[in-house]
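Listed below are the residues making up each chain.
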Amino acid sequence: MKFQDLVNLYEEGRYEDCLSELEVFLVLNPQDIPALILKATVLKELDFQNLDEDSNELTLDDFQEVISIYKSILQLEPNNEAALFGLLETTRFFYRDLDYDEYASYIERLSIHEDELENVCRFRADLNYLHEKYQESIGNINELLSIYEVLYAHDRISKCALLTESVLFKAMILRENLNHHQQALAEFRKYKHDILSNNVLLYLDIGQLAMEYHDYEMIGWAGVKAVLYGNEEPEIDAEIFKFYEQVVSLLNGGLEDKQCIYFAIMVQRNFREELGLDLSDPLIEAKRYIQRYPDWFIPYHFAGTYILEGGNHEEALPYLQKAVELGGFSITIHRFILTYYEVHKELPEILNWPVDGPIDYFNAGCEFSEFENSIGSPILDMSLLNYRLQFFERSYLAFKAYFHENQFEANYFINSQLMSMCCNNYALALNSKRKYDEVIEICKEGLTYSRFWELYNTLADAYFEKEEYEDALINYHELLDDSFKEFDMPNYLRISAYVTKCEFKLGYIKEAEERLRTIAQEYDELIQSSEYADYEEEELFVTRQAYMEIQNARFDLINHRGDSETLKDWQKELESKPDDASNWYMLMQNYFQLEQYDQCIACANNYEATKPLQEMALIDYRKLHYLRGKSYFLIGDFPAALKDLLVAYDSTKSTLKEEESYGDFHLILLHLIHSYFHLQDWENVIRISQESDAMYSSENWEEDDDWNEMTFMSAEASFAIGAGEVAKEKIQAILKLFPKDEKALEKKKAWSSGWFGWLKK
């Protein structure tokens with residue numbers, strides 16, 4: 001058997017088989033160092049397996065064969081890196097029972113390998129400690145701490161984990177072996193930014209140590225950390241309460257330390273029921289601290305929060321507003337927006353966003369998203385989106401600063417998966433702003449942290465919107481691969497619908513039609529299932545949205561076959577699913593294309609009646625009012641046309657700046673002017689025409705037939721209100737660009753009599 005075959009057995013976890021084959025291999029190759037290293041490694045794995053089975057601690061005797069193998073290798077090759085490391089790592093916890101000089105020499109030999117500097121310091125610290133050379137061990141730990149600061153400067157999680165391990169080791173030696181408690185506290189203070197642990201008892205121990213030396217800031221810091229990771233085990237929480245009572249005793253005795261006060265407030269907030277407090281008790285405390293510290297945002301934040309939880313938005317608002325003005329947390333911003341909206345039924349302007357941690361902004365953004373979904377409508381969508389973008393952009397930037405620039409205190413809850421989730425939420429907000437290049441960049445970055453299926457989905461959507469269908473299809477197929485089975489049926493339906501759209505756009509018509517038949521069948525099976533009958537409202541909403549994508553894919557494929565087939569297909573869909581609003585939406589578009597405007601209006605009315613406003617996408621909301629308004633205009637019902645077109649106008653105009661594109665706004669303006677013109681509302685004809693002129697100018701658009709038409713109606717309106725000279729100037733502007741325009745020539749002739757100045761122009 002070849003050596004690589006032995007390695008393969010080991011990597012497959014077949015340790016017994018690997019060991020048997022190694023014995024045979026080493027009979028023929030007794031001094032083969034890689035094989036000896038592999039044998040020692042396999043024996044260690046088997047030792048640990050036996051430990052799991054017997055639940056006994058391993059002793060030095062259990063590793064004697066492993067140690068012998070490593071030493072035999074060192075006889076053949078004294079400075080073999082793998083053997084030296086293996087020997088020192090295997091015996092690390094047994095150095096007390098081993099010869100100091102012998103193992104110091106092994107460590108010294110390992111130090112000639114430059115890439116082993118970290119391990120050399122670690123082994124020296126252990127060896128010196130277990131042989132009671134405490135000062136030497138502390139020196140080794142100090143060197144190790146310096147190495148970690150440099151070596152893991154851009155790997156925050158690894159750096160903090162290793163720093164924490166070494167700081168705790170050093171503090172233990174200082175306290176237990178050298179009786180230097182104050183120096184141990186100084187170490188905790190020095191490295192508190194990077195201590196990464198969820199051990200509540202550790203923080204309470206640091207807090208007690210700080211009590212000994214009246215270090216109130218560290219008392220408060222340790223207490224807040226304990227609260228952050230507590231509230232899971234009653235026995236552990238009981239220890240938090242004991243520490244809380246000590247701190248409260250200090251505060252009642254006259255201590256004025258904000259960090260300690262913050263800890264006390266946090267305990268009252270997180271453990272109110274356990275402490276037997278009414279909602280009014282912590283509120284009274286918060287108000288008391290407002291009186292004492294009127295420029296400190298924390299008591300305002302908590303007072304507003306308690307009042308808000310009591311259901312009184314009007315009373316909570318000034319407290320939350322003041323907290324925001326004074327700094328606030330990221331969650332303060334969310335609660336302020338929510339409260340302000342409930343009181344005023346409009347959204348506030350946020351002038352100052354606080355500096356807060358990545359996970360704090362992420363959680364606040366997620367809570368805000370729920371609020372956004374609860375009140376969302378096409379009218380509010382863009383303002384809400386801007387807030388959501390702020391939350392997740394700040395979270396994203398803070399995560400980057402946390403991971404790569406050592407900013408913000410270490411948090412045990414922060415991990416690479418959470419960063420990927422943040423990237424996805426940020427990318428989704430950017431996607432809604434049509435910033436597709438940025439979306440692609442953020443998604444790709446997020447995937448370097450964790451292979452997160454939602455990121456592939458958002459990435460594929462961005463490529464789709466950019467009309468880069470090949471790249472979109474690649475990423476959608478990545479989602480449908482067997483390695484991803486995390487998403488539910490609605491997401492599966494939606495992804496499959498977009499695969500169909502991509503296939504259609506790329507000309508794979510047969511494949512698209514077959515896939516559409518499959519997902520339509522799967523959807524029908526879903527809605528007839530008992531599982532679907534148990535769906536809650538949110539699940540129903542998501543499923544209906546997924547089905548809308550199936551309908552959009554079907555719309556493309558049906559239209560591809562021609563108008564004669566289209567109407568029949570949509571009518572069949574309506575017959576099979578009469579309560580599905582999306583069928584009315586598709587029929588509305590279809591009837592408009594067929595110029596059957598009465599039917600288009602009827603379908604638009606039915607769509608509006610069956611689709612709740614909060615579930616209506618902004619683009620669908622605009623299209624509903626635009627198509628219905630234009631249909632009313634084309635059948636001569638100008639008041640009804642004006643009503644719908646104004647909704648489309650207001651909705652589009654409110655987001656022009658945010659969307660950074662006029663899109664089809666000029667078409668809305670054109671039909672709006674037409675409606676005002678037929679209603680002889682001359683002032684509004686002129687006003688909208690001026691708005692159109694400004695748009696053409698700002699976009700450097702060439703004056704076209706639409707511009708001609710709007711300018712002509714504006715000229716007629718000016719003439720109608722007695723502004724003859726202005727009217728003539730507008731006609732002259734048309735003739736300058738379109739000298740043979742018949743309508744403009746007729747007006748020039750009709751309006752020119754008696755005005756010689758006009759003839760000279």
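Position numbers for residues start from 1 in each chain and track the written sequence from start to end. This being a predicted model, a pLDDT of at least 70 is required before a residue's local features are given, and a value of 80 or more before pairs of side-chain atoms are given or counted; all residues contribute to the totals for chains, interfaces and linings. Values shown for side chains rest on all heavy atoms present in the structure; no hydrogens or waters enter the calculation.

A.B. asks: I'd like to hear about the overall build of the protein chain, residue by residue, with values.
C.D. replies: A run of DSSP states H or I qualifies as a helix once it reaches four residues; a run of E qualifies as a strand once it reaches two. Both are numbered from the N-terminal end. On a plain count of helices and strands, the protein chain comes out with 40 helices and zero strands. It is over C-alpha atoms that the radius of gyration is taken, and the globule rule equals 2.2 Å times the number of residues to the power 0.38. A compact globule built from 761 residues would reach a C-alpha radius of gyration of about 27 Å, whereas the protein chain, at 36 Å, exceeds it by more than 25%. Overall, the protein chain is about 120 × 75 × 60 Å in size when its C-alpha atoms are taken along their principal axes. Within the protein chain, buried positions represent 52% of all 761 residues. Residue pairs in contact within the protein chain that sit at least 24 positions apart in sequence constitute 61% of those at least 6 positions apart. Throughout this description, buried means an accessible area under 20% of the type-specific maximum (1.4 Å probe, protein chains only), exposed means over 50%, and partly exposed covers the range between. Contacts: residue pairs with any heavy atoms within 4.5 Å of one another.

A.B. asks: Let's hear about a negative patch on the surface: which residues, and what values?
C.D. replies: What goes into a patch is any residue over 30% in relative accessible area without a salt bridge, connected to like charges within 9 Å or, for nonpolar side chains (Val, Leu, Ile, Met, Phe, Trp, Tyr), within 5 Å. We get accessible surface area from the Shrake-Rupley algorithm with a probe of 1.4 Å; when it comes to residues, only the shown protein chains can shield them. A side-chain nitrogen of Lys or Arg and a carboxyl oxygen of Asp or Glu constitute a salt bridge if their distance falls within 4 Å. Charged residues are defined here as Lys and Arg on the positive side and Asp and Glu on the negative side; His and the ends of the chain fall outside this count. Where a charge lies is defined by one atom per residue type, namely NZ (Lys), CZ (Arg), CG (Asp) and CD (Glu). Where like charges cluster on the molecular surface, the negative patch consists of Glu-367, Glu-370, Asp-488, Glu-531, Asp-534, Glu-536, Glu-538 and Glu-539. Elements with a minimum of two residues in the negative patch: helix 19 (358-375) and helix 28 (537-561). Note on Glu-531: relative accessible area 47%, which makes it partly exposed.

A.B. asks: With reference to specific residues and values, describe the packing of helix 30 (residues 581-593) against helix 31 (residues 597-610).
C.D. replies: Across the interface, helix 30 lies against helix 31 with an axial gap of 8 Å and an inter-helix angle of 160°. Taken together, helix 30 and helix 31 sit at an angle that is classed as roughly antiparallel. Between helix 30 and helix 31 the crossing geometry is left-handed. Contact with helix 30, carried on its side by Ala-581, Trp-584, Tyr-585, Leu-587, Met-588, Tyr-591 and Phe-592, involves Tyr-597, Gln-599, Cys-600, Cys-603, Ala-604, Asn-606, Tyr-607 and Thr-610 of helix 31 and no other residues of that element. Whenever a helix is involved, its axis is fitted only over the stretch in contact; in every case the axis is a line through C-alpha atoms, and angles between N-to-C directions fall within 0 to 180 degrees. Throughout, the term roughly parallel applies to angles under 35 degrees, roughly antiparallel to angles over 145, roughly perpendicular to angles from 65 to 115, and oblique to all others. For a crossing to be left-handed, the near helix must be turned anticlockwise from the far one by less than a right angle; the clockwise case is right-handed.

A.B. asks: I'd like to hear about the side chain of Ser-137, residue by residue, with values.
C.D. replies: Relative to the elements of secondary structure, Ser-137 occurs in helix 8 (residues 134-151). Residue class for Ser-137 comes out buried when judged on its relative accessible area of 0%. Non-local contacts of Ser-137, meaning those with residues more than four positions away in its chain, are made with Ala-125, Asn-128, Tyr-129, Phe-169 and Ile-173.

A.B. asks: Could you give me a rundown of the nonpolar core, with the residues and numbers involved?
C.D. replies: Core analysis: the biggest nonpolar cluster contains 137 residues, and Tyr-103 and Ile-337 have the highest contact counts within it. Among residues more than four places away in sequence, those in contact with Tyr-103 are Ile-67, Lys-71, Leu-87, Leu-88, Thr-91, Tyr-95, Leu-98 and Leu-127. Residues belong to a common nonpolar core when they are buried Ala, Val, Leu, Ile, Met, Phe, Trp, Tyr or Cys residues joined through side-chain atoms within 4.5 Å.

A.B. asks: Before we move on, can you summarise the packing of aromatic side chains with the specific residues and values?
C.D. replies: Any pair of Phe, Tyr and Trp rings, taking the six-membered ring for Trp, is counted once the centres come within 6.5 Å. Such a pair is stacked with planes under 30 degrees apart, edge-to-face with planes over 60 apart, and tilted for the rest. This structure, assessed with the given rule, holds 44 aromatic pairs. Between the aromatic rings of Phe-241 and Phe-271, the centroid separation amounts to 5.1 Å while the plane-to-plane angle is 85°, which identifies the pairing as edge-to-face. Of this pair, Phe-241 sits in helix 13 (residues 234-252) while Phe-271 sits in the loop between helix 14 (258-270) and helix 15 (280-292); the two residues are 30 residues apart in sequence, bridging distant segments of the chain. For the pair formed by Phe-241 and Phe-271, the shared burial category is buried. Residue placement shows Arg-288 over the ring face of Tyr-289; its charged tip is 4.8 Å from the ring centre. Counted as over-ring charges are cases with an Arg CZ or a Lys NZ within 6 Å of the ring centre that also lie within 35 degrees of the ring normal.

A.B. asks: Quick rundown of the packing of helix 7 (residues 117-130) against helix 8? Include the residues and the values.
C.D. replies: Contact pair helix 7 / helix 8: the axes reach a minimum separation of 8 Å and the direction vectors enclose 160°. As the angle between them shows, helix 7 and helix 8 are arranged roughly antiparallel. Considering the relative orientation of helix 7 and helix 8, their crossing is left-handed. Facing Leu-117, Glu-118, Cys-121, Arg-122, Arg-124, Ala-125, Asn-128 and Tyr-129 of helix 7, the residues of helix 8 in contact are Tyr-134, Glu-136, Ser-137, Asn-140, Ile-141, Glu-143, Leu-144, Ile-147, Tyr-148 and Leu-151. When residues are grouped by polarity, Ala, Val, Leu, Ile, Met, Phe, Trp, Tyr, Cys and Pro land in nonpolar, Asp, Glu, Lys and Arg in charged, and all others, Gly among them, in polar. A breakdown of the residues in the contact of helix 7 with helix 8 according to their chemical character gives 10 nonpolar, three polar and five charged.

A.B. asks: Please provide a residue-by-residue account of the side chain of Lys-225, values included.
C.D. replies: Position of Lys-225 among the secondary structure elements: in helix 12 (residues 216-229). Owing to a relative accessible area of 6%, Lys-225 belongs among the buried residues under this scheme. Sequence-distant contacts of Lys-225, that is, excluding residues within four places in its chain, are made with Tyr-203, Glu-409 and Ala-410.

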